[in-house]
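Listed below are the residues making up each chain.
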There are 6 protein chains.
Amino acid sequence: MKIHVVNPNSTAAMTRTIAETARAVARAGTTITASNPAHGPASIQGYYDVAACMPGLLEEAGRHRDADAVIVACFDDTGVDALRAMLDVPVIGIGEAAYHAASLISTRFSVVTTLPRSVPGLEANLVRYGLMARCGSVRASRVPVLDLEKPGGEAERLIAAEVRLAVEEDMAECIVLGCAGMAEMRARLAEAFGIPVIDGIGCAVGFVETLVAAGLSTSKAGGYASPFVAEMA
Amino acid sequence: MKIHVVNPNSTAAMTRTIAETARAVARAGTTITASNPAHGPASIQGYYDVAACMPGLLEEAGRHRDADAVIVACFDDTGVDALRAMLDVPVIGIGEAAYHAASLISTRFSVVTTLPRSVPGLEANLVRYGLMARCGSVRASRVPVLDLEKPGGEAERLIAAEVRLAVEEDMAECIVLGCAGMAEMRARLAEAFGIPVIDGIGCAVGFVETLVAAGLSTSKAGGYASPFVAEMA
Amino acid sequence: MKIHVVNPNSTAAMTRTIAETARAVARAGTTITASNPAHGPASIQGYYDVAACMPGLLEEAGRHRDADAVIVACFDDTGVDALRAMLDVPVIGIGEAAYHAASLISTRFSVVTTLPRSVPGLEANLVRYGLMARCGSVRASRVPVLDLEKPGGEAERLIAAEVRLAVEEDMAECIVLGCAGMAEMRARLAEAFGIPVIDGIGCAVGFVETLVAAGLSTSKAGGYASPFVAEMA
Amino acid sequence: MKIHVVNPNSTAAMTRTIAETARAVARAGTTITASNPAHGPASIQGYYDVAACMPGLLEEAGRHRDADAVIVACFDDTGVDALRAMLDVPVIGIGEAAYHAASLISTRFSVVTTLPRSVPGLEANLVRYGLMARCGSVRASRVPVLDLEKPGGEAERLIAAEVRLAVEEDMAECIVLGCAGMAEMRARLAEAFGIPVIDGIGCAVGFVETLVAAGLSTSKAGGYASPFVAEMA
Amino acid sequence: MKIHVVNPNSTAAMTRTIAETARAVARAGTTITASNPAHGPASIQGYYDVAACMPGLLEEAGRHRDADAVIVACFDDTGVDALRAMLDVPVIGIGEAAYHAASLISTRFSVVTTLPRSVPGLEANLVRYGLMARCGSVRASRVPVLDLEKPGGEAERLIAAEVRLAVEEDMAECIVLGCAGMAEMRARLAEAFGIPVIDGIGCAVGFVETLVAAGLSTSKAGGYASPFVAEMA
Amino acid sequence: MKIHVVNPNSTAAMTRTIAETARAVARAGTTITASNPAHGPASIQGYYDVAACMPGLLEEAGRHRDADAVIVACFDDTGVDALRAMLDVPVIGIGEAAYHAASLISTRFSVVTTLPRSVPGLEANLVRYGLMARCGSVRASRVPVLDLEKPGGEAERLIAAEVRLAVEEDMAECIVLGCAGMAEMRARLAEAFGIPVIDGIGCAVGFVETLVAAGLSTSKAGGYASPFVAEMA
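What you see as residue numbers is a count from 1 along each chain, following the sequence as written. Starting at A for chains and at 1 for ligands, labels are handed out in the order in which the entities are written. In view of the model being predicted, local features appear only for residues whose pLDDT reaches at least 70, and side-chain atom pairs are presented and counted only at 80 or more, with totals across whole chains, interfaces and linings using the full set of residues. Working from all heavy atoms in the structure, the side-chain values ignore hydrogens and water.

Asks: So what about the pairing of strand 1 (residues 2–6) of chain F? Which residues, and what values?
Replies: Residue and element names in this part refer to chain F. Exposed residues in this analysis have more than 50% of their type's maximum accessible area, buried residues have under 20%, and partly exposed residues fall in between, with area computed by a 1.4 Å probe over protein chains only. Secondary structure is summarised from DSSP: a helix means a run of H or I of at least four residues, a strand means a run of E of at least two, and numbering begins at the N terminus for each. For strand 1, the buried fraction is high: 5 of the 5 residues fall into the buried class. Burial along strand 1 is two-sided: Lys2, His4 and Val6 and Ile3 and Val5, pointing in opposite directions, are all buried. The pairing criterion is simple: DSSP has to find at least two bridges between the two strands. Where strand 1 lies against strand 2 (residues 31–35), 5 bridges are found, and the strand directions are parallel. Paired with Val5 across the strands is Ala34, a residue of strand 2. Inspection of the sheet shows strand 1 paired to strand 3 (residues 69–72) by 4 bridges, in the parallel sense. Bridge assignment links Val5 to a residue of strand 3, and that residue is Ile71.

Asks: With reference to specific residues and values, describe the interface of chain E and chain A.
Replies: Only heavy atoms matter for contacts: two residues are in contact if any of them lie within 4.5 Å across the pair. Across the contact, 42 residues belong to chain E and 42 residues belong to chain A. Take the accessible area each of two parts loses on contact, using a 1.4 Å probe, and add the two losses: that sum is the buried area. Between chain E and chain A lies a buried interface of about 3300 Å² when both sides are counted; carbon and sulfur atoms form 64% of it. Salt bridges, as used here, are contacts in which a Lys or Arg side-chain nitrogen is within 4 Å of a carboxyl oxygen on Asp or Glu. For the pair chain E and chain A, the interface holds 2 salt bridges. Salt-bridge contacts for Glu209 of chain A lead to Arg27 of chain E; the nearest nitrogen and oxygen are separated by 3.3 Å. Polar contacts, as used here, are pairs of N or O atoms within 3.5 Å; protein pairs need one atom able to donate a hydrogen and one able to accept it. Residues neighboring in sequence count only if both atoms are side-chain atoms. At the boundary of chain E and chain A, one finds 13 residue pairs in polar contact (both at pLDDT 80 or more). Mapped by element, the contributors of at least two residues to the side of chain E that touches chain A are strand 4 (91–93), helix 5 (94–105), helix 6 (119–129), strand 8 (197–198) and helix 9 (200–213) of chain E. At 8 residues, the largest contribution of residues to the side of chain E that touches chain A is made by helix 9 of chain E. Any residue outside Ala, Val, Leu, Ile, Met, Phe, Trp, Tyr, Cys, Pro, Asp, Glu, Lys and Arg is labelled polar, Gly included; the first ten of those are nonpolar and the last four are charged. Here the residues of the side of chain E that touches chain A sort into 21 nonpolar, 13 polar and 8 charged.

Asks: Quick one: what's the story with the sheet that holds strand 6 (residues 135–140) of chain A, residue by residue and with numbers?
Replies: Residues and elements named next belong to chain A. Reading across from one edge, 6-5-7-8 is the order of the 4 strands in this open sheet, with parallel pairing throughout. Two strands lie at the open edges of the sheet, namely strand 6 and strand 8 (197–198), each paired on one side alone. Relative to strand 7 (residues 174–177), strand 5 (residues 109–113) is paired through 4 bridges, and the arrangement is parallel. Each residue of the ladder has a partner; that of Phe109, found in strand 7, is Cys174.

Asks: I'd love a proper account of the relation of the copies chain C and chain B, names of residues and values included.
Replies: Fitting of the copies onto one another was done by least squares over C-alpha atoms, counting residues only where both copies have pLDDT of at least 70. Aligned on chain B, chain C shows an RMSD of 0.0 Å; the corresponding rotation is 180 degrees and the shift along the axis is 0.0 Å. One copy is carried onto the other by what is essentially a two-fold rotation axis. Residues of chain C ranked by C-alpha distance from the rotation axis are headed by Gly130 of chain C, positioned 2.3 Å from it. When the interface residues of chain C are mapped onto chain B, 100% of them are again interface residues, pointing to one common binding face.

Asks: Quick one: what's the story with the packing of helix 5 of chain E against helix 9 of chain E, residue by residue and with numbers?
Replies: Residues and elements named next belong to chain E. Two elements in contact, helix 5 and helix 9, have axes separated by 8 Å at closest approach and are oriented at 85 degrees. Comparing the axis directions of helix 5 and helix 9 gives the class roughly perpendicular. Judged by residue contacts, Ile94, Ala97, Ala98, His100 and Ala101 of helix 5 engage Gly200, Ile201, Cys203, Ala204 and Phe207 from helix 9. Lines fitted to C-alpha atoms define the axes here, with helix axes fitted over just the stretch in contact, and angles between the N-to-C directions of these axes take values from 0 to 180 degrees. An angle below 35 degrees is read as roughly parallel, one above 145 as roughly antiparallel, one from 65 to 115 as roughly perpendicular, and any other as oblique.

Asks: Please set out the side chain of Arg134 of chain D residue by residue, giving values where relevant.
Replies: Secondary-structure assignment places Arg134 of chain D in the loop between helix 6 (119–129) and strand 6 (135–140). Charged residues are defined here as Lys and Arg on the positive side and Asp and Glu on the negative side; His and the ends of the chain fall outside this count. The side chain of Arg134 of chain D is buried and forms no salt bridge, while Glu96 of chain F, the nearest opposite charge, is found at 5.9 Å. Ignoring sequence-local partners within four residues, the contact set of Arg134 of chain D consists of Ser103, Ser106, Thr107, Arg108 and Phe109 of chain D together with Arg128, Tyr129 and Tyr224 of chain F.

Asks: Got a sec to walk through the pattern of salt bridges? Specific residues and values, please.
Replies: Using the criterion set out here, one finds 90 salt bridges over all chains in the structure. What you see here is one network of salt bridges that share partners, running through Arg27 and Glu209 of chain A together with Arg27 and Glu209 of chain E.

Asks: Tell me about the packing of aromatic side chains, residues and numbers included.
Replies: Side-chain rings of Phe, Tyr and Trp, where Trp is taken by its six-membered ring, are said to pair if the distance between their centres is within 6.5 Å; with planes under 30 degrees apart they count as stacked, over 60 as edge-to-face, and otherwise as tilted. Scanning the entire structure with this criterion turns up 27 aromatic pairs over all chains. Aromatic pair Tyr99 of chain A and Tyr129 of chain A: ring centres 6.2 Å apart, planes at 45 degrees, arrangement tilted. With a gap of 30 residues between them, Tyr99 of chain A in helix 5 (residues 94–105) and Tyr129 of chain A in helix 6 (residues 119–129) connect regions that are remote in the sequence. Above the ring of Phe228 of chain A, the side-chain terminus of Arg117 of chain B is found at 3.9 Å from the ring centroid. Here, a charge over a ring means that NZ of Lys or CZ of Arg falls within 6 Å of the ring centre while also lying within 35 degrees of the ring normal.

Asks: With reference to specific residues and values, describe the packing of helix 5 of chain A against helix 5 of chain E.
Replies: Interhelical geometry of helix 5 of chain A versus helix 5 of chain E gives an angle of 170 degrees and a closest axis separation of 11 Å. As the angle between them shows, helix 5 of chain A and helix 5 of chain E are arranged roughly antiparallel. In contact with Glu96, His100, Ser103 and Leu104 of chain A of helix 5 of chain A, helix 5 of chain E contributes Glu96, His100, Ser103 and Leu104 of chain E. Partitioning the contact of helix 5 of chain A with helix 5 of chain E into residue classes produces 2 nonpolar, 4 polar and 2 charged.

Asks: How would you sum up the interface of chain C and chain B? Please name residues and give values.
Replies: The interface of chain C with chain B comprises 42 residues on the first partner and 42 residues on the second. Buried area between chain C and chain B, both sides added, is near 3400 Å², and the carbon and sulfur share of it is 64%. Linking chain C to chain B there are 2 salt bridges. The tally of links from chain C across to chain B stands at 13 residue pairs in polar contact (both at pLDDT 80 or more). Elements represented by at least two residues in the side of chain C that touches chain B include exactly strand 4 (91–93), helix 5 (94–105), helix 6 (119–129), strand 8 (197–198) and helix 9 (200–213) of chain C.

Have a look at this one:
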């Protein structure tokens, strides 16, 4: 099957990393493509960016109509609801994928994300998905998204410090990394803390593969009914 | 003070009605302006339209920087979070305004909206605001938004039928009209059922007047911090 | 319009301050009157006081039948449900007014109140209103209500210390002052912390003005139906 | 031990029935006394009555200082919080007693009460106690409290009709009778429907006996701290 | 990878059907084995059966230590918590798998199960997983589990009737079949109602494949720590 | 009446202590018997033990059919649901008994239990009962169950340290001791902290006495319907 991954921010380097991470876990026979909007926010940090990246996100998804499933590679699950209405194939965000996976391997997980401004949106998603019931905390490392790309930066140290607090103070049994840009440090953090550390991309790939294999797609009855208006070309 | 009302859909006739409704309740000394995007969905019906209207909505709000407060005149509270981050003045959606008002005059309210596809988004808002705790039901009249404008249509009859069910089956003590286009029938429905019927526009005007008069505006600490990225021109 | 403010405790000095605070934000054409019971608790601190002030509160409200709206100027929203049943005009408590306002300008607010004994009652109100969903914490400053009136006391220092903890530990984006007696320090705290600080009185005035202007009053269907029994004279 | 039962309404006939019901289940060695205010509402039906009966309720409880425990024999649990603060002995309401008992013998219970106006207050109590999680519905029989006393009335038929709906439509496994005046019909309804039917008085007696026997009383730390103000004489 | 499916009831015919369903969706390279206890309940219908099948379930899981993941093929998710503690590999129940999948393709799903006695246990699971937030209803078809195996029975008609009610009355956008024995009718019901119908087995296979592929397993910190006691041989 | 107490672990010394604690609070005329399985886990610490003790627990309960009520003397409320289905008499767990009692004497309680692995199960029970609404925290003292029996151990010191944190940090007004083995230290802790400290055994005895005295038993309609399968002999 073919899975298209849309990175809603305009940072191509991040898109390449995301595609590699996705391909590393895809089952034999799955083709992964990835793209990002040419314009729009270079990173999604807070509610304004979520809104500002929307036209580019819808346009990119519209350009890959042959995909059997679509993944939104932003931890805010930006535009997932709109794409479920717009498309007929399964659509999943990497945030929700990570939360669902964490719920299957622990009784309580914590999320470690980038800036404080992103926390309320993630918490609102968790409440809407129902999975706040399994979430001990959403912690901000105060590392801006684009600093995650900087070699030799102190991003990983700051993130590890929040992981430690989540384990020691919030009884987290499992950690969800709250940004697509953190995937590269997943294995090291899991090793260091001896608990599962989850990056949403790998889970998102497997979950949409599961839906396609099971012959399931988004319900078009109710909230995700196909739009009346002409879609953006 | 000056309040700018943005109608996120591109139907100018609806914008004119909304402006009149707002002016009818504004306090002496308040100036109401209203506008809508030139392009984008003619009505907001479901998640795709909410996303598709976003660029036009942000652009319209950006064009009225002199306003002391902004109202988003769509019952989905479309883009309210993004505008709170983008602007320094109070921003309110007519949906949340109506829910808060209903909570102050009844122990339980019901919402009567247009199409079933809009119900999940409204319910998600109610959960996020916490006000689902006071909401007995969100009912769809199955009247498309633009049919509300049609003279001699059966829209009001269908809406009244749902109001009756909300009162008789859901123990609603108060009704919230779930679309800006229903404002015109508010008084007749209140008269017919002998309970308060709320249109969000009037409440939104008074609530932002209240915030401005009390010297309050959106907190820029946390979720509504000003965006890093250059705003759309 | 005429708004009557009832202070349910018997401390006349506090009533005068409350009236001044209310008049400072009222719209042109609004007349504010205020009164308190001659007898009963000098301050409302905990469940016993809430019950003990009830007859005086009902009597005071009954004495001002010409008001277009009534405000209960106690942060516990003491007797608001009873007055909504007893009267035909809108009734609002300053606690609920502050919580609703905070929900419109932040994603998360904290309440700083007086004594620990008052916290459970405020938390119970927040749960009932649904707005606990937006509340990060209810903190007790351990300042007794009447000490707020004492010039040169250390009340403000103790309250500021709790505001700091709410911001630093509870991710509060906005602070609600949990006692009518704290109104005087609102502006200084907002200045000091750079976030909105809310006093309920100003919000309550604007919210009931909004309801009256919009032609809305308490629903008499259901929980607030007019009482059968003769009211207390 | 001595248990004093306060009926917060002024209907002495109801007080006598309540006392008999309580004595029928009390353990050997328990003495039951019962009283009601001389003045105040003849029945508690809605928020105004709850407030109006408060002075009489506090006064009656204050007159029986020798009791080892106090029961408030009104299904609204009127004034229970105030009495827990005012007194040093265990205090329980018959509403909460019934809900806790129902939670111990079924996975889901429904409440059948008197008038619709009482439903919101009972629901608010259930939410505060946490036991709404176990409650399928709160149904109003539309039988006024005092009609329960009338011989040959159709009260029991109307209540039975709501019990049937609770079982058939709300999946109720157990029924809680939502008024002290319904105790007399408990056994007949249990027989007729073949499921447990609970009257709160009997449960309240056993629960306070349990607390006293276990050496437990109300915590005076926090919400139920003893009042500062002089109590009403 | 090797996935072992344990059917906790002792009905071998059901185990065979379950294994076939699992193999039909497994990815290339996945081996599915399946077993059931020799003794214990022939079907799991209610809390007693859940407890009674426990020793056989633990014993069967202990016999397949070479599996890379374990699926519990009972919709009650019987013993999943115990197996997560006992084993080091991922463990999933078909109930939770179905709920998570439904949450990814609809805004609201309903569950149609067998007997009313199973409903409270399923609802308790949904609350614990947090996914009750996405569940519109859990409906009982009143078809006993073993009747699902009977050729020419009216089981499917009764189940279809509840699916219709879920769609028409509960606004279900997606249906979860609440018993492993219903898998065979999944495609026909989806065709008949035009919405997704989910059987948990297929989803469970893909979800554990996803976890294994992503290098994730149950956290051994906290609730799923390895047991101290010797396991049952 | 006769009450049988089942200790689901196989440690007879603990069973004897439990029986003494129960007899100390039982009303005149109540006979207490107690037993434990001959085999199975020596203590119940986490999900595996809960499952592993099930056959012995059901067998013990089945051996005392003449009891008028059954108490499960494990704080996890192990097997209570299964026994309610299996038996016709009231069944209660000491965990739920303690939570209900705490809800009647405080606005907020905390639980202090043994090992971190037991916390998720207790929290899941609290959520299911609804009483998490009244629970400030569930704290682990890191004292293994069997160390509670060791004379001169430091168990009580470690438990007291968590009680202090619950009071100072979690605003606990009342403490629930989260293990049957802690009963012996209850009075000393209550004395030391000046707040109620609850052991579930005493409350469980009084609560089932209350149910029997009131003529109430487990509903056999719905979740606790009698099992179809032959019970374990």
